[in-house]
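# Working through the structure, step by step
These are the residues of each chain, in order.
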Amino acid sequence: MNWEDDPESAAADRLVGTTADGEDQAVEAALRPKDLGEFVGQERVREQLDLVLKAARARNATADHVLLSGAPGLGKTTLSMIIAAEMGAPIRITSGPAIQHAGDLAAILSSLTEGEVLFLDEIHRMSRPAEEMLYMAMEDFRVDVIVGKGPGATAIPLELPPFTLVGATTRAGLLPPPLRDRFGFTGHMEFYAPAELERVIHRSARLLDVETDAEGAAEIAGRSRGTPRIANRLLRRVRDFAQVKADGVITREVAAQALDVYEVDARGLDRLDRAVLTALLKLFGGGPVGLSTLAVAVGEERETVEEVAEPFLVREGLLARTPRGRVATPAAWAHLGLEAPGRPAGGAGGPGLFDA
């Protein structure tokens, strides 16, 4: 299967992808916690955010602007909705790519009501003119609307009601410092520990009216890549398998059999991940090999391998990016049950990359 040259489409088509499609969005809406007390994981961010919101309510003031960063599927959108619920305010949801002109942002800002929460997903992808307009809106609750063109253009100041901007980004480093500095609270979302994902799975199973035991939840959590969105998606697929092939109860055996059918292994790797590792190990002896060559070997586009498969393989310590190319680690050989070729500790070729 080839996903052409769209990494986002590739991520959406994978069972372990972090992009939410229409089905995921509908299910996530039903499974989302409604307040901070229900929200699982992210203990430090929850504690800090709870203080920010309680202090704002005590002052009867609008909460500070909030920036949430982290990988997709960790709960940034959920937290934005919780912020609005905790403040008793409505929420407006949009995204950076949807705001291509300053006028687009001005139209949204001018229609906000006092105290409203504006959730701006992928804020780093907003256009530069809109970004510069946002500086004044966040700091002074005012925007200048330009009327006319050329020498006759005039700026009309437009006062805005106090509002709370919640920005979400998967790439905080792309945010310019002037924008980042205007957020009163910044929280970084970490990947979840298996025990936290088990709590997420048990909660979702209750809401979906699915019976699962502790070992079944642990099996799903171990293959979920530290991401609640993936955990909930795998739970739904295991539920389907349990209803058709078993008695409807999710046990460790049922979960393992179901996820084997969907080609998600014990470490959370799927077909694409294993194809990249297999090519790297069997065709190129563990590397180093160039990204383009590796992509050709697995029949995928360069961008798909680099942006969809590699991040998780690197995070798991199965693959390393080096100046000479991609290199498999000893853990990759062990995971695929292959024996690493002997590497000389020294000699004419110098020490091996992973020699002690």
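Let us look at the structure shown here. Computed from a prediction, not measured in an experiment: that's the story for all the values here. (Residues numbered from 1 in each chain as written. Predicted model: local features only at pLDDT ≥ 70, side-chain atom pairs only at ≥ 80, totals over all residues. Heavy atoms only, no water.)

## Thoughts on the overall build of the protein
When helices and strands are counted, the protein shows 15 helices and eleven strands. Out of the 356 residues in the protein, the part that is buried amounts to 46%. (Helix = DSSP H or I, 4+ residues; strand = E, 2+ residues; numbered from the N terminus. Buried < 20%, exposed > 50% of the residue type's maximum accessible area, 1.4 Å probe, protein only.)

## Focus on the pattern of salt bridges
Scanning the model with the defined rule gives 19 salt bridges in all. Here Glu131 ties to Arg128 by a salt bridge, and the two come within 3.1 Å at their closest N and O atoms. Of this pair, Glu131 and Arg128 both sit in helix H6 (residues 128-140), separated by three residues, roughly a single helical turn. Residue class for Glu131 comes out buried when judged on its relative accessible area of 4%. Measuring nitrogen to oxygen at the nearest pair gives 2.8 Å for the salt bridge that ties Arg321 to Glu310. Of this pair, Arg321 sits in strand E10 (residues 319-322) while Glu310 is found in helix H14 (residues 302-315), placing the two residues eleven residues apart along the sequence. Under the relative-accessibility criterion, Arg321 is labelled partly exposed at 44%. When salt bridges with common partners are traced through the structure, they connect Glu215, Glu219, Arg223, Arg252 and Asp260 into a single cluster. (Salt bridge = Lys/Arg side-chain N within 4 Å of Asp/Glu carboxyl O.)

## A look at the side chain of Thr212
Here Thr212 shows up in strand E8 (residues 211-212). We classify Thr212 as buried; its relative accessible area is 15%. Looking at Thr212, its side chain comes within polar contact range of the main-chain oxygen of Ile250, at 3.4 Å. Filtering out sequence-adjacent residues up to four positions away, Thr212 remains in contact with His202, Ala205, Ala217 and Ile250. (Polar contact = N/O pair within 3.5 Å; in protein donor to acceptor, adjacent residues only side chain to side chain. Contact = heavy atoms within 4.5 Å.)

## Regarding the packing of helix H8 (residues 194-207) against helix H9 (residues 214-222)
The N-to-C vectors of H8 and H9 enclose an angle of 120°; their axes lie 8 Å apart at closest approach. Viewed along their axes, H8 and H9 adopt a mutual orientation that is oblique. As H8 packs across H9, the resulting crossing turns out to be right-handed. Residue-level contacts link Pro194, Leu197, Glu198, Ile201 and His202 of H8 to Ala214, Ala217, Ala218, Ile220 and Ala221 of H9. Counted by class, the contact of H8 with H9 contains eight nonpolar, one polar and one charged residues. (Axes fitted to C-alpha atoms, helices over the stretch in contact; angles between N-to-C directions. Parallel < 35°, antiparallel > 145°, perpendicular 65-115°, else oblique. Left-handed = near helix turned anticlockwise from the far one by under 90°. Nonpolar A, V, L, I, M, F, W, Y, C, P; charged D, E, K, R; others polar.)

## Quick notes on the pairing of strand E1 (residues 66-69)
Residues of E1 alternate between two faces, with Val66 and Leu68 on one and Leu67 and Ser69 on the opposite face, all of them buried. Relative to strand E6 (residues 164-169), E1 runs parallel, the two sharing four bridges. Across the sheet, the residue bridging to Leu68 is Ala168, located in E6. When E1 meets strand E7 (residues 185-188), the two strands line up parallel, connected through four bridges. In the sheet register, Ser69 faces E7, and the bridge partner there is His188. (Pairing = 2+ DSSP bridges.)

## A few points about the environment of Arg321
Residues Arg321 and Val289 lie 32 residues apart in sequence; the distance between their C-alpha atoms is 9.7 Å. When residues no more than four places from it in sequence are discounted, the contact partners of Arg321 are Glu306, Glu310, Pro311, Val314 and Arg326. At 3.2 Å, the side chain of Arg321 forms a polar contact with the backbone oxygen of Glu306. At 2.8 Å, the side chain of Arg321 and the side chain of Glu310 are in polar contact.

## Things to note about the packing of aromatic side chains
This model, assessed by the stated rule, comprises one aromatic pair. A ring pair is formed by Phe141 and Phe163, whose centres lie 5.5 Å apart and whose planes are at 80°; its orientation type is edge-to-face. Placement of the pair is Phe141 in the loop between H6 and strand E4 (142-147) and Phe163 in the loop between strand E5 (154-159) and E6, with a sequence separation of 22 residues. Classification of Phe163 by relative accessible area gives buried; the value is 1%. A cation over a ring is seen here: Arg225 above Phe312, with NZ or CZ 3.9 Å from the ring centre. Of note, Arg315 hangs over the ring of Phe191, and the distance from its end group to the ring centre comes to 3.6 Å. (Phe/Tyr/Trp six-rings, centres within 6.5 Å; stacked < 30°, edge-to-face > 60°. Lys NZ or Arg CZ within 6 Å of the ring centre and 35° of its normal.)

## Brief notes about H9
By the burial criterion, the buried members of H9 are Gly216, Ala217, Glu219, Ile220 and Ala221. Residues of H9 that are buried sit in contact with H8, E8, helix H10 (228-245), strand E9 (249-250) and helix H11 (252-261). The opening residue of H9 is Asp213, an N-cap whose side-chain oxygen sits 3.3 Å from the backbone nitrogen of Glu215.

## Some thoughts on a nonpolar patch on the surface
On the surface, Val145, Ile156 and Leu158 cluster together to form a nonpolar patch covering roughly 200 Å² of accessible area. Looking at the secondary structure, you find Val145 in strand E4. (Patch = residues over 30% accessible without salt bridge, like charges linked within 9 Å, V, L, I, M, F, W, Y side chains within 5 Å. Areas by Shrake-Rupley, 256 points an atom, 1.4 Å probe, with all protein chains shown as cover.)

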